[in-house]
Every structure is written in structure tokens, then in C-alpha cells.
Amino acid sequence: MKVIKFGGTSVGSVKSIQKLLPIIHQEFNSGGAQVVVLSAMGGVTNLLSSMADQAANGKSYDEELKILETKHFDVVKSLIDPQKQNSMFTKLKLLFNELEDILQGVQSLSELTPRTRDLVLSYGERCSTFLISKIAEETLPQAFYTDASTLIKTDSGFGHAKVNTVLTEMLIKNFYNQNADKILFVTGFIASNDDGKITTLGRGGSDYTAAIFGAALNASEIQIWTDVNGMMTADPRMVEKAFSLPELSYTEAMELSFFGAKVIYPPTMIPAFLKNIPIIIKNTFEPDFEGTIIRANCSLSNLPIKGISSINEISVLNLQGSGMVGKAGFSGRLFSMLAREQVNVILITQSSSEHSITFAVNPQDALKAKQLILNEFDLEINARKLDQPIIEENLSAMAIVGENMRHTPGIAGRLFHALGRNGINVRAIAQGSSEFNISVIINREDLAKALNAVHQAFFTQLKKTLNVFCLGTGQIGATLFKQLHSQKKFLQQNLDIQVKVIGICNTRQMLISQKGISLDNWEHELSTAGEPALLNDFADQMISMNLPDCVLVDNTASQAPILLYEKVLCSSISIVTCNKVGNSGSYEQYRRFKESARKYGVDFFYETNVGAGLPIVKTLKDLMMSGDRVHRIEAVLSGTISFIFNNFKGDANFHDVVKLAQEKGLTEPDPRDDLSGTDFMRKMLILARDAGYPLEPEDIKIENMLPASCMRASSVPEFYVELKNSAAYFNKLKTDAESQGKVLRYIGKMEDGEVSVSLQTVDEKHPFYMLSGSDNIISFTTDRYCERPMVVKGPGAGAEVTAGGVFADLVNVGAG
């Protein structure tokens, strides 16, 4: 047995009601739905609240009442048989007359009590549920209108009443058993106290009604039908890349819901959680979409977090003073007082010194909370043991949520790196010991930027057919697809090769189709037909398909795919990769990759690890395979650093050149990632290993070209400030070189098994003197190329040339 609930948008218009009726039919005919919980029509609750306020203030509410009547009467006219309309109009008119009488009483007394407000608001659900039940009755005679206020019993906490669970479950069970042959159409949101007075269940009350009925009747599942495709990784209105989550645990859903995700509210889940009943979030307007299932035991996920939730507007109160230090019970006194006065605290953080407490509240509660503190701690404030409480406004709260967070090191680091790199200041931080949630408070104007930054940080015939599985759809991956599509005919006509992309996987979604994915429409297919990305599942499916001439193409820069390389190679699948993480890790790992490829007769190509599209790895391999002996390798293998030093001449200053390089997209978001030489080191390490030296990363000597102050800078803007402050240092390097007729070059060198990366000066006799733009260059001094080294030179960075290098490696697999 299922309980299904439809929200305000699902019952908000003739069109939406026409959408929900087939859903009810389908669920009932499949033996499922026997309880249907309904919200008020979209916008009606706000309309009723406004009418009540206007009545209390002595203002007219006639226009709003007319709108309310018209909204319901239009549905009757459109969806009810004309012969039955009069009785419907009569019943609805009686309800509206009752409502008008209540509002007149409010207006006469100029008083609106919480009890009366609840009574006024109850007419939204009563009218909509009566209306929908009668419409459904046209085709489902079993439809039966049920007033939940007679079954759900609460205390007298009007506006947010607490349910008497034992009595309520007994009443619901008895009522259900007496009407077992009916489909109960139940009013959401409303209940009653022991005296029979109407109460309401607060925010998300209709969802709560569904959960109460589901728990009382031990339902197999509770369906919440709304206007979105389940719960998403972030607010899709702010994050375009947000995608639906197939499942969440109760804990994850509660964390997301409490912290702003409005699809479902925390109280809704408590009855379901206690009875272990799955909750399914579905879209009334896309009923075939699977939606999100919330349950106790979720399948394992490779996602480090499940979602990012936010509250757009909050206020923060800061309370500090020496009177708090070591004062037992101070926090209890503060928060007990706030709870007693119905001030909801969203987030709390306290300094380890106990000198200050910061907490967040809804903006409408901020002034009230401040006054309550002033009253409660009047003596301490007057004695100057406490400072005056300070309110900070125009703030937002954001939280990352996921059960995997507690098993994944570096989550907090990734979060704060993403925020810091984008210049987003964190005003407060909170994390529970469960590690399911890390919450931060930021400026409201930074919220959209923060959501996107954090989301990106966490969540890329007779012809020989290459069956290709691609990881990564960033710049290089997308450019590769473009090149493969444009060269499709050339490959078939000249090389007898057909490249069929069977699978695409990025950090968000994956798509596998044995028929192949169209490369002129791959993005659309991935977004519409893809499923949430699980890298291990992607690899397992690729292996289990056991396709001939299968190739895994890694266009990522992530560690995650590297962990699968050996397994893939041992499954007789070739690998083409521009991801240098694997080959520049431990030597043992590098050796295993090589041996696995050799043992299973497949290819392991990684030309783009070193020089993008330049034939560097292949040249070295050919030299050694032909019996030549390499004595020395010298190289400039950073297009970024090459560009910087090629432009750092004349009157140019180092700060401006680095800034220009970043503006041209030649640097990482933090230029120090390039200027530190770490990426260069990896390339030299790979070359040294290919030359036969079993080196580890720590064996490479790297000279840091940046002053210590630049490296210590806590942010990119601060780095640029320090870079400008270090102008004299860089200018001296330049002028010293120019005075000797030389230029600055950041050069990697391998000789006699030793590798170093350092800043050097070279004269016009050196092959690196005439570099321009962002070119890379490498020289090989060997037995055969002794007096005049072999030189390879050209663009060493950029999506086009890197994708071209991957393309060439892929073709070489096909030619093998």
C-alpha cells in the first residue's frame, strides 16, 4: 500500500490537475495508492494568510476572496460534468461563506490569534481536497473525501502543533479499516487538538500528513509528487550543472532539507524514518522520470558528497565577552531562552577559548533575538562582562552534505580551497562530529558564485572498429570529440579505421551505448540518457562487454581513473591517456602499467603526458629502440613558463606578464601551480623513466623561481600583491641576463640519471635562446646526436594540440 501526496503546484491549475489524475489511476490500478494527500492549490495558502492579515488590520479582503472563489470555480467548470457542477458550486460556496464569516469576526475584533489563523488557513486544503476528490470520483467511484483534522490529533501549539502519535495512529488505522474499499483523499497540513479546534502542522505540513498516514498504515512507500525531478545536487536555478540524485539516505535528506532544500522538509521524514518506509520524490509534470528515493540503506556511491544546499537569507548574531569564559551553563541559558521564545537557530559556532558565540537565525528573528539577549543578560552587559550583541545581515548559508564525507579525507580542504580560490570570504563555519555536513556562512552576494565553485570542485563493416570509452568531457575531451567527428571520413577512407565511442563518463554522469554515441550530439545524449557517474561501474561495464579492439581514453587529470589502469590493461583493453598522474606517481606503479600492457599485448600510449601534441615520448622511444644511448636531455616543457619568460623582456615587469598569461588562459587559477615547477617535474620524471632510470618524484631537484613571500600568500590576489612587491628581484634576474646577452629560461635537465629543474640563462648559441610564444622545446644528446643534439620544438599546451596528440595515439592503437 502506498501513500501519495501532491503539492500545491500539482493541484494549482486545470492543466496540472489533468496531469495528476492519470498518476492516481495508474497507482490505484496497480494495487498501490489508497491514500492521496493533497495540498492547497498553488498560492492559496499565501492568499489566505494575506486575507487574514488584512482583516486584522481593518482592510478589505473582498478582492482576494473573489480571486480565491474564481480559482476553484474555474476548475469545476473545466473538469466537472455540467450536470454535477451545481452541487459542487454549492458546497464550495458554503466553505467560502464560512471563511468570510470568520474574516468578518477578525475584522470586527481587529485581532488575529494563532488559533484563528490556523482555522483560516485550513480552508485551502479543505477546498482543494474536496474539489480533487469529486473530480476523481468521475472515473474512480471509490474516491472518498477525508478531513484529516478528525484523525490527526495534536497539542494546542497553533501554527506548528505537535502530533499525539499514539492516538493519531489508532484513529487513522480504525478509519482506514472502516473504509478499506475506498481511496482516501486526505486534507494535508491540518489537524485538531483535543477540543476539536483546528491546528496546523507547520512548514511542509502536507508532506508531514502523508508521512503520518504512511507510518500509521505501515505503507510500502510514500510518494511526494512535486514540480522538480527529485532532489538535486544543488539549486538548479543557481547551478546549471546540477543533476538529480537517484537516492539519498534519511540522514542525507534530512541534512539537505533542514538546510534549505525545499523539496521535502525534515519533519516529513521522521515518521517514515522510524518505520523504515522509503520516500520517493517524483515530478508530476515528468512522471516517467525515476526521481529520488530516500531510504535507510543506499547503494555505495563514489560521490564524496551528495548535495549542496543553501539558505539565501540569514542573519548572524555575535556575542562575546570575558563573562562567557569558563562559565558553565552559559550556552544552555542562551539557547534555552531563544527556544522558549520560538527563535529558530540555524547554525552555531563557538571559539575554543569560549570568548565568543556566533549563531545564525532567520532575518525576521534577528532583532527579536537581540532584544531577548539584552533582556536576559542585562546584568552581564552592564557590568561589561559581555559586549552588546552585534547583528550581521545580508548573509547566506551553504552546506555540503553526504555520508561519504566521513570516509573521504580532504573534503573540508577541497571546500575551502574552492571558496578561497574564488575570493569568497567565509564568515563562520560549523561541522558536526558525524561529518555529514559542513556549513559555512558567506556574503549573500557571493552565494551563486560559491554554489557553482563548490559544485565544480566536487562533482568531467570491413573497417577496423575501435570501441572507445572516454573519461572526461572538459576542454580536451570535447575537442577530441570534435576532431574525431570532423575526421571520421578521413579515418575510414585512408586508414580503414572507424572510431566508435561506446561510453562517456565525467564526474557527474555516464552514458554507455553499444550502438555508439553520436559525436555531433554527445552532450545532449549524455545529459538526457546518462545516469549518475560511478567510475567503477563504468569500468566494470566496459570490461564485461568484452568488445574487440577496446580502448579506454583518459582525458582527465584525476587520480581516480589511475586506480583502474592496471585492471583495465589486464582485461586486454588498451589505454590512451593525457593524464600524467599515473606515470609520475611511484616508480612501482609506472612499472606495473608497462608490464601489464606488455603481458596482455595491448597498448599503453601517453604521448601527451609530456609535450601535448609534440612527438617527444615517441622520439625518445624510437631512439632507444634503435639502440641509441641517451646522455642528456634538456627541455622547456611548460608552455606557461615559456610564455612568461619569452615576454619578460625590455620594460615588461614580471607581475604584468604573469597576469597576461593568466588572462590568456595559459595558467592554472593559481599561477603558482605552474610557476612552482611541479608539473614540469612530472614531465621530466616521465622522460627519465622512459630513458631507463627508476627515479621517484623526490629524486628530482626543483629550483623554486618564486620568492618565499609569493609562495606563502594565502590567496591568488595576495600572491599578485607579493609578486608586484618582488619586482626588484625579478628585474635583477632580467637585467643580469640581458647584460650578458642572455635570456632567462626555466629548464629541465637529465644527465647521468640525475634530473633537475631550474632557472637558467642561455646565450644565442643555445637552442633554447630563440623560443617564442608558449612553445616547448626539447633537445636529446645521444651517441648519434652528440655534436648537434636532436631538437623537437613547437606548441606544448592548449586543447587543440593536446587533443590532437590523444587522437594520434588512438590512431596508433588502431594501426597496431
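Cut-off values and rules
Residues numbered from 1 in each chain as written. Predicted model: local features only at pLDDT ≥ 70, side-chain atom pairs only at ≥ 80, totals over all residues. Heavy atoms only, no water. Pairing = 2+ DSSP bridges. Helix = DSSP H or I, 4+ residues; strand = E, 2+ residues; numbered from the N terminus. Phe/Tyr/Trp six-rings, centres within 6.5 Å; stacked < 30°, edge-to-face > 60°. Buried < 20%, exposed > 50% of the residue type's maximum accessible area, 1.4 Å probe, protein only. Lys NZ or Arg CZ within 6 Å of the ring centre and 35° of its normal. Axes fitted to C-alpha atoms, helices over the stretch in contact; angles between N-to-C directions. Parallel < 35°, antiparallel > 145°, perpendicular 65-115°, else oblique. Left-handed = near helix turned anticlockwise from the far one by under 90°. Contact = heavy atoms within 4.5 Å. Patch = residues over 30% accessible without salt bridge, like charges linked within 9 Å, V, L, I, M, F, W, Y side chains within 5 Å. Areas by Shrake-Rupley, 256 points an atom, 1.4 Å probe, with all protein chains shown as cover. Salt bridge = Lys/Arg side-chain N within 4 Å of Asp/Glu carboxyl O.

*Asks:* In this structure, what is going on with the pairing of strand S26 (residues 743–751)? I would like to understand it.
*Replies:* Across a regular strand the side chains alternate sides, sitting on one face of the sheet and then on the other. Both strand S24 (residues 630–636) and S26 contribute to a ladder of 4 bridges, which runs antiparallel. By the bridge assignment for S26, Glu634 is matched with Lys749. One ladder, built from 9 bridges, connects S26 with strand S27 (residues 754–762); its direction is antiparallel. Paired with Glu751 across the strands is Glu754, a residue of S27. Linkage of S26 to S27, two consecutive antiparallel strands, is achieved through a turn of 2 residues, within which Asp752 is found at a positive phi near 55 degrees.

*Asks:* Any chance you could explain the packing of aromatic side chains here in plain terms?
*Replies:* Both the distance between ring centres and the angle between the ring planes are used here to describe each pair of aromatic rings. This model, assessed by the stated rule, comprises 22 aromatic pairs. With a centroid separation of 6.1 Å and 70 degrees between ring planes, the pair formed by Tyr565 and Phe604 is classed as edge-to-face. Pair noted here: Tyr565 is in helix H19 (residues 565–569) and Phe604 is in strand S23 (residues 604–605), with a separation of 39 residues, a long-range link. For the pair Tyr565 and Phe604, a shared accessibility class is recorded, and that class is buried. Grouping aromatic residues by their ring pairs yields a cluster made of Phe645, Phe648, Phe654, Tyr729 and Phe730. For the cation-ring pair, Lys91 lies above Phe130, with the distance from its terminal atom to the ring centre recorded as 6.0 Å. The ring of Phe144 has Lys182 sitting right over it, with the charged end atom 5.6 Å from the ring centre.

*Asks:* In this structure, what is going on with the packing of helix H1 (residues 14–29) against helix H5 (residues 114–137)? I would like to understand it.
*Replies:* Relative orientation and spacing of two packed helices are given, respectively, by the angle between their axes and the distance between those axes. The interhelical angle for the contact between H1 and H5, taken along N-to-C directions, is 55 degrees, at an axis separation of 11 Å. When the interaxial angle is binned, H1 and H5 end up oblique. Two packed elements cross with a definite hand, and for H1 against H5 that hand is right-handed. Residues Ile17, Leu20 and Leu21 of H1 touch H5, and the partners they reach there are Ile132, Ile135 and Ala136.

*Asks:* How do you make sense of the packing of helix H4 (residues 85–109) against H5 when you look at a structure like this?
*Replies:* Two elements in contact, H4 and H5, have axes whose closest approach is 10 Å; the angle formed by their N-to-C orientations is 175 degrees. Here H5 runs roughly antiparallel to H4, going by the angle between their axes. Taken together, the residues of H5 that come into contact with H4 (itself represented by Met88, Lys91, Leu92, Leu95, Phe96, Glu98, Leu99, Ile102, Leu103 and Val106) are Thr116, Leu119, Val120, Tyr123, Arg126, Cys127, Phe130, Leu131 and Lys134.

*Asks:* Mind showing me how you'd approach a nonpolar patch on the surface here?
*Replies:* A cluster of nonpolar side chains, contributed by Ile270, Phe273 and Leu274, occupies part of the molecular surface with about 320 Å² of accessible area. Mapped onto the elements, Phe273 comes out in helix H9 (residues 266–275). Phe273 gets classed as partly exposed once you look at its relative accessible area, which sits at 42%.

*Asks:* Sorry if this is basic, but what is going on with the sheet that holds strand S28 (residues 775–782) here?
*Replies:* Within a sheet, neighbouring strands are paired by backbone hydrogen bonds and run either parallel or antiparallel to one another. A sheet is described by the order of its strands in space; here 6 strands give the open sequence S25-S27-S26-S24-S28-S29, paired in mixed fashion. At either margin of the open sheet sits one strand with a lone partner, and together these are strand S25 (701–702) and strand S29 (790–795). Lying over the sheet, helix H22 (residues 617–625) contacts S24, S28 and S29, oriented at roughly 10 degrees with respect to S28. This element, helix H23 (residues 639–647), spans S24, S26, S27 and S28 of the sheet and lies at about 145 degrees to S26.

*Asks:* What is the right way to read the pattern of salt bridges from this model?
*Replies:* Between side chains of opposite charge, pairing is possible as soon as their charged atoms come close. For the structure shown, the criterion picks out 33 salt bridges. Its salt-bridge partner being Arg237, residue Asp235 comes within 2.9 Å of it at the nearest N-O pair. For Arg237, a relative accessible area of 71% translates into the label exposed. One salt bridge in this structure joins Arg295 and Glu247, with 2.6 Å as the shortest N-O distance. Taken as a pair, Arg295 in strand S10 (residues 292–295) and Glu247 in strand S8 (residues 247–249) lie far apart in primary sequence, 48 residues in all. Taking the relative accessible area as the measure of exposure, Arg295 reaches 31% and is therefore partly exposed.

*Asks:* What is the right way to read the environment of Lys742 from this model?
*Replies:* Considering the arrangement of structural elements, one finds Lys742 in the loop between helix H29 (727–739) and S26. Beyond its immediate chain neighbours, meaning those up to four positions away, Lys742 contacts Ala737, Thr761, Val762, Asp763 and Tyr769.

*Asks:* Explanation requested: the sheet that holds strand S11 (residues 307–320) in the structure shown.
*Replies:* Taken in spatial order, the 6 strands of this open sheet run S12-S13-S11-S14-S16-S15, and their pairing is antiparallel. Across the chains shown, the open sheet's two edge strands, defined by having one partner strand only, are strand S12 (345–350) and strand S15 (426–431). Between one strand axis and the next, the sheet turns through 30 degrees on average, direction left out of account. Where S15 meets strand S16 (residues 437–443), 5 bridges bridge the pair, whose relative direction is antiparallel. Opposite Ala430, over in S16, you have Ser439 as the bridge partner. Contacts from helix H14 (residues 447–458) reach S11, strand S14 (390–401) and S16 within the one sheet, and its direction differs from that of S14 by about 20 degrees.

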